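Below are the chains, spelled out letter by letter.
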Amino acid sequence: AYILDHPIGDHESEERIGFSGVPPTALVRSLHRGKSFKIGSLQMFIQNNGSCEDMGPRAFPVKEVHKIAVLDLRLANADRHAGNILVCKDEEGDNYMLVPIDHGYCLPEKFEDCTFEWLYWPQAREPFSDETIAYIKSLDAEEDIKLLKFHGWELSARCARVLRISTMLLKKGAARGLTPYDIGRILCRETVNRDSEIEDIFQEAEGHVLPGSSEDIFL
Ligand SMILES: Nc1ncnc2c1ncn2[C@@H]1O[C@H](COP(=O)(O)OP(=O)(O)OP(=O)(O)O)[C@@H](O)[C@H]1O
Ligand SMILES: [Mg+2]
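Residues numbered from 1 in each chain as written. Chains lettered and ligands numbered in written order. Predicted model: local features only at pLDDT ≥ 70, side-chain atom pairs only at ≥ 80, totals over all residues. Heavy atoms only, no water.

Here the focus is the overall build of the chain. Counting its regular elements, the chain contains seven helices and four strands. Each helix (α) and strand (β) of the chain, taken in turn from the N terminus, gives the series β-β-α-β-β-α-α-α-α-α-α. Against the compact-globule benchmark of 17 Å for 219 residues, the chain has a radius of gyration of 18 Å, which places it among compact chains. The principal-axis extents of the C-alpha atoms in the chain amount to approximately 55 × 50 × 40 Å. With 219 residues in all, the chain has 42% of them scored as buried. Sequence-distant contacts, at least 24 apart, represent 65% of the contacts inside the chain between residues at least 6 apart. On the chain, roughly 12700 Å² of surface is accessible, and the fraction owed to carbon and sulfur atoms is 51%. For the chain, the separation between the mean place of its 25 positive charges and that of its 37 negative charges on side chains is 4 Å. (Helix = DSSP H or I, 4+ residues; strand = E, 2+ residues; numbered from the N terminus. Rg over C-alpha atoms; globule rule 2.2 N^0.38 Å. Buried < 20%, exposed > 50% of the residue type's maximum accessible area, 1.4 Å probe, protein only. Contact = heavy atoms within 4.5 Å. Areas by Shrake-Rupley, 256 points an atom, 1.4 Å probe, with all protein chains shown as cover. Lys, Arg positive; Asp, Glu negative; His and termini not counted. Charge placed at Lys NZ, Arg CZ, Asp CG, Glu CD.)

Structural data, given as structure tokens:
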């Protein structure tokens, strides 16, 4: 998630912070109990005042909620519960800042587990700002897939398709003036047993293409 969390403008510093504020994260390989190697992620510790589990969402600025929403919609995050959003006070101690953590279940193979804690927060029903719309416009799933590959992670065909579809949905939705709530409602199931709209669209599209067709034809 850190690699795909692109900064706005030029950020040359080592602690590059992206649009959604994912803390700087590195892929690490470490020796497990002196025997085998384990792969994991090492993330910068962010001083915080707890997580969204500890308080209601009312005081969170719209911008903070939208930056998390954009990340989750792009990456089809299937683990965005309240415990995975840290809450911090800004330097003046006046405003709350939200920090997204725990991105181990982003870019799943299917959309079925997508759930977003913020979906029913009032901020999610506010329109995107011009700055956010410009950021969304700049997103490019193919470039993101290449970037992950450059950093050593080749997405499976299914996960890459999920990234392509969620990026497309976010871009088309934002261009048509949809709110994070509107777009999130398409991605998430309303009840566990009923497919989401995106799952229905996905299945319909799969039914229309011949096996072995190119990804472009599917999209
Ligand atoms: N970058 C960070 N800065 C500060 N605290 C963090 C950070 N990342 C994680 N934590 C703390 O560690 C806890 C667990 O982290 P995380 O959510 O990434 O793992 P998890 O897989 O959910 O772990 P578990 O299953 O044990 O809850 C978080 O709830 C948070 O309190
Ligand atoms: Mg967690």
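The discussion continues.
Protein ligation of the magnesium ion (ligand 2) involves Asn84 (OD1) and Asp102 (OD), the donor distances falling in the range 2.1 to 2.2 Å. Separated by 18 residues along the polypeptide, asparagine 84 in the loop between α1 (62-75) and β3 (85-89) and aspartate 102 in the loop between β4 (96-100) and α2 (130-138) bring together distant segments of the chain. Judged by relative accessible area, asparagine 84 falls into the buried class, the value being 4%. (Donors = N, O, S within 2.8 Å, 3.2 Å for Na, K, Ca; no water.)

Let's shift gears to the pattern of salt bridges. Charged atoms that come close allow side chains of opposite charge to pair. Tallying each qualifying case throughout the model produces 14 salt bridges. Residues glutamate 215 and arginine 161 are paired through a salt bridge, measuring 2.9 Å at the closest nitrogen-oxygen approach. Pair noted here: glutamate 215 is in helix α7 (residues 215-218) and arginine 161 is in helix α4 (residues 157-175), with a separation of 54 residues, a long-range link. Given a relative accessible area of 16%, arginine 161 falls into the buried group. Where glutamate 215 meets arginine 164, a salt bridge forms, and the shortest distance between an N and an O atom there is 3.2 Å. With glutamate 215 in helix α7 and arginine 164 in helix α4, the pair connects residues that are 51 residues apart, well separated along the chain. When its relative accessible area of 23% is taken as the criterion, glutamate 215 is described as partly exposed. (Salt bridge = Lys/Arg side-chain N within 4 Å of Asp/Glu carboxyl O.)

Once that is clear, we can look at the environment of isoleucine 101. Turning to its location among the elements, isoleucine 101 is positioned in the loop between β4 and α2. The class of isoleucine 101 is buried, set by a relative accessible area of 17%. Sequence separation between isoleucine 101 and aspartate 200 is 99 residues, and the spatial gap between their C-alpha atoms is 30 Å. Setting aside residues no more than four positions away along its own chain, isoleucine 101 makes contact with Pro23, Gln43, Arg80, Gly83, Asn84 and Leu86.

What follows deals with the site of ligand 1. All residues in the neighbourhood of ligand 1 are listed as Gln43, Met44, Phe45, Ile46, Asn48, Gly83, Asn84, Leu86, Ile101 and Asp102. Between ligand 1 and glutamine 43, the relevant distance is 2.9 Å, taken from a nitrogen atom to a side-chain nitrogen or oxygen of the residue. Across the complex, the protein chains shield 44% of the 610 Å² of accessible surface that ligand 1 would expose by itself. Classifying every residue of the shell around ligand 1 by side-chain character gives five nonpolar, four polar and one charged. (Near = heavy atom within 4 Å. Polar contact = N/O pair within 3.5 Å; in protein donor to acceptor, adjacent residues only side chain to side chain. Nonpolar A, V, L, I, M, F, W, Y, C, P; charged D, E, K, R; others polar.)

Looking now at the nonpolar core. Counting residues in each nonpolar core, the largest one holds 37 residues, and the members touching the most others are Cys52, Leu98, Phe111, Phe116, Trp118, Trp121 and Leu170. Elements that contribute at least two residues to this core include exactly α1, β3, α2, α4, α5 (180-187) and α6 (197-208). If we skip the residues at most four places from it in the chain, phenylalanine 116 touches Asp72, Leu73, Asn77, Arg80, Gly184, Leu187 and Cys188. Within the second largest apolar cluster, 14 residues are counted, among which are Val22, Leu107, Ile145 and Leu155. (Core = buried A, V, L, I, M, F, W, Y, C linked by side-chain atoms within 4.5 Å.)

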